Amino acid sequence: MRFKAPRGTRDLLPEDIWKWQHVERVFRETADRFGYREIRVPIFEETDLFARGIGDSTDIVRKEMYTFEDRKGRSLTLRPEGTAGVVRSYIEHNMGRNARVTKLHYYGPMFRYERPQAGRYRQFWQWGLEAIGSASPAIDAEIIHFSVSLHERLGIAGTEARINSAGCAACTPAYNELLRSELQPRLDEFCDDCHVRFEKNPRRMFDCKRKSCLAILKEAPSIHASLCDECRGHFERAKEHLTKMSVNFVVDETQARGLDYYTKTIFEIHHTGLGAQSALCGGGRYDDLVRELGGDPTPACGVSGGVGRLIMALESDGAFPEGAPGPDVYMVCLGEAAQLAKAAMIAVLRGSHTVETDYQDRSLKAQMREAGKLGARFAVIVGEDELARGVAIVRDMAAGEQQEMSLDGVVAYLEDRLGATKEEQR
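Residues numbered from 1 in each chain as written. Predicted model: local features only at pLDDT ≥ 70, side-chain atom pairs only at ≥ 80, totals over all residues. Heavy atoms only, no water.

Describing the pairing of strand 11 (residues 300-306)
In step 1: Judged by how many residues are buried, strand 11 sits mostly within the fold: six of seven residues are covered.
In step 2: In terms of strand pairing, strand 6 (residues 123-132) meets strand 11 through seven bridges, oriented antiparallel. Within strand 11, the position partnered with Q126 by the bridge is G306.
In step 3: Bridge count between strand 10 (residues 279-285) and strand 11: five bridges; the pairing is antiparallel. Note that in strand 11 the partner of G284 across the bridge is G302. (Buried < 20%, exposed > 50% of the residue type's maximum accessible area, 1.4 Å probe, protein only. Helix = DSSP H or I, 4+ residues; strand = E, 2+ residues; numbered from the N terminus. Pairing = 2+ DSSP bridges.)

And the structure:
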């Protein structure tokens, strides 16, 4: 019997993982620049956390969660998104006790049972930011600015920030009734899922994926006509901050997010080269979620994005280097005595550099071919003849040049050359 990865999951293989590491490194560096600190929360939580936090009218809660009972009959769910767990941790550990804005970032796997397709898996990796404790529209703008900056630093061109307002508890009830009255005459033309959304939360209908439903919704009234003065003023100030930051954006009044906890500003960053699945990340303000999950009323704002979709965009734009970074040094040795000599050099060099070598007693030609295939910066060749003379041959693989030098001088020479190269790369 041969096992395969479960449907909707995939193995991240060594020849591809460097792309994921590159994205994670740039994300962490950017988050640090914006003052966000890392948090790591459990991969599974109590099911009620997601049901209350995300909303029982959402497709995620109704259809897509991986829920199971543990041995004591407690209902647990693999996290389908990151915000609910972060907010639970914020409340549990009283992170707001110092009355300052708590700025957090996370990175890890999420799980949703949905139809696998390009850029969408049942286990997927997600990055995210949360800023908890400020009602200022400046925080909304900062998080949108972060999202744009992250993609720019990764080298992705052709992105567009689309922003909207989701209103608040004071103005959305009137908008829901307006939607129901406008859509009721054509309700039979909507899908079964939209019928459920119509009853529970008609704003969720904008999150439908069916083209026939979306075509009708284009004629539906915008929430902007129902916004209260506070929401309208907040949205205008957020736009002013974005303009001052030189962040290009468009207002998309049809935009909706797939989670019920959003209030006021919502947004998505789209990449024009990805077709229908063009959203790279999205987020917004969720001022009621901390209270909904048992904490004191606390304003908050956040964003998250799928790493897989991000890598697709990078590949589409040709923003990755041509291949995975190779080792700094490949040690080529022939004979048992040379193997012992290389062990000492490898142990020292691995203190600062990446070193690879052969463990199959292959020929000189085969080892040099492997060094080239791996993209090694230098190859160090030691055979019985070189060992007898106390020398080694050091080959610069990129320049195609080599020189013979004392065995005792090889480590210092490589340290000097590799150190200079890394300084230039900075």
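Description of the sheet that holds strand 1 (residues 37-38)
Hydrogen bonds along the backbone pair up the strands of a sheet, which may run parallel or antiparallel.
In step 1: Strand order in the open sheet made by the eight strands is 1-5-6-11-10-9-7-8, with mixed pairing throughout. Unpaired on one side and paired on the other, strand 1 and strand 8 (249-251) mark the two borders of the sheet.
In step 2: Bridge count between strand 5 (residues 102-111) and strand 6: ten bridges; the pairing is antiparallel. Within strand 6, the residue paired with H105 across the bridge is L129.

Looking at the packing of aromatic side chains
In step 1: Overall, the coordinates contain twelve aromatic pairs when judged by the stated rule.
In step 2: Taking the centre distance of 5.3 Å and the plane angle of 90° together, the rings of F34 and F146 count as edge-to-face. Highlighted residues: F34 in the loop between helix 1 (14-33) and strand 1 and F146 in helix 5 (residues 137-154), separated in sequence by 112 residues.
In step 3: Judged by its relative accessible area of 0%, F146 falls in the buried class.
In step 4: An aromatic cluster is defined as three or more aromatic residues linked by ring pairs; in this entry it consists of F27, F34, Y107, W127 and F146. (Phe/Tyr/Trp six-rings, centres within 6.5 Å; stacked < 30°, edge-to-face > 60°.)

Digging into the sheet that holds strand 12 (residues 329-333)
In step 1: Taken in spatial order, the five strands make up an open sheet running 13-12-14-15-16, and their pairing is mixed. One side of each edge strand has no neighbouring strand; the edge strands of this open sheet are strand 13 (355-357) and strand 16 (401-406). Within this sheet the neighbouring strands show an average axis-to-axis angle of 25°, counted without direction.
In step 2: Summarising the sheet, strand 12 and strand 14 (residues 378-382) pair through five bridges and their orientation is parallel. Following the sheet pairing, C333 is matched in strand 14 by V382.
In step 3: In this fold helix 12 (residues 336-349) packs onto strand 12, strand 13 and strand 14, with an angle of close to 165° to the strand it touches most, strand 12. (Axes fitted to C-alpha atoms, helices over the stretch in contact; angles between N-to-C directions. Contact = heavy atoms within 4.5 Å.)

Some details on the confidence of the model for the chain
Low pLDDT marks regions whose predicted coordinates should not be analysed in detail.
In step 1: Mean pLDDT over the chain works out to 90, with 96% of the residues at or above the 70 mark.
In step 2: Strand 1 holds the highest mean pLDDT among the elements of the chain, 98, whereas helix 15 (residues 407-425) holds the lowest, 78. (pLDDT = per-residue confidence, 0-100.)

A word on unusual backbone geometry
Most peptide bonds adopt trans geometry, and most residues besides glycine take a negative phi value.
In step 1: Phi is positive for N94, which is not a glycine, with a value near 50°.
In step 2: Position of N94 relative to the elements: it lies in the loop between helix 4 (83-92) and strand 5.
In step 3: The phi angle at K264 is positive, at roughly 55°, despite the residue not being glycine.
In step 4: Tracing the chain through its elements places K264 in strand 9 (residues 263-271).
In step 5: Taking the relative accessible area as the measure of exposure, K264 reaches 7% and is therefore buried.

Brief notes about the side chain of H353
In step 1: Assignment of secondary structure puts H353 in the loop between helix 12 and strand 13.
In step 2: Judged by relative accessible area, H353 falls into the buried class, the value being 9%.
In step 3: A distance of 3.0 Å separates polar atoms of two side chains, one belonging to H353 and the other to E415. (Polar contact = N/O pair within 3.5 Å; in protein donor to acceptor, adjacent residues only side chain to side chain.)

Some words on the pattern of salt bridges
In step 1: A full pass over the atoms with the stated rule returns 31 salt bridges.
In step 2: Across the pair E29 and R153 runs a salt bridge whose closest N-O atoms are separated by 3.4 Å. Taken together, the residues E29 in helix 1 and R153 in helix 5 connect sequence positions 124 residues apart.
In step 3: A salt bridge links R285 to D287; its shortest N-O distance comes to 2.8 Å. Neither residue differs from the other here; R285 and D287 are each classed as buried.
In step 4: Within the structure, one salt-bridge network assembled from shared partners comprises D59, R62, K63, D193 and R197. (Salt bridge = Lys/Arg side-chain N within 4 Å of Asp/Glu carboxyl O.)

A few points about the packing of helix 5 against helix 9 (residues 229-244)
In step 1: Direction vectors running N to C along helix 5 and helix 9 enclose 45°, while the axes themselves pass 8 Å from each other. Between helix 5 and helix 9, the crossing angle belongs to the class labelled oblique. Here helix 5 and helix 9 pass one another in a crossing that is right-handed. Across the interface between the two elements, P137, A138, D140, A141 and I144 of helix 5 pack against H234, R237, A238, H241 and L242 of helix 9.
In step 2: Residue composition of the contact of helix 5 with helix 9, grouped by class: six nonpolar, two polar and two charged. (Parallel < 35°, antiparallel > 145°, perpendicular 65-115°, else oblique. Left-handed = near helix turned anticlockwise from the far one by under 90°. Nonpolar A, V, L, I, M, F, W, Y, C, P; charged D, E, K, R; others polar.)

A short note on helix 7 (residues 192-200)
In step 1: Burial in helix 7 covers these residues: C194, R197 and F198. One face of helix 7 carries all of its buried residues, which in axial projection span an arc of 105°. Exposed residues pointing more than 90 degrees away from the buried face of helix 7 are listed as D192 and E199.
In step 2: Contact partners of the buried residues in helix 7: helix 3 (59-64), helix 6 (172-183) and helix 8 (211-217). (Arc of directions from axis to C-beta.)

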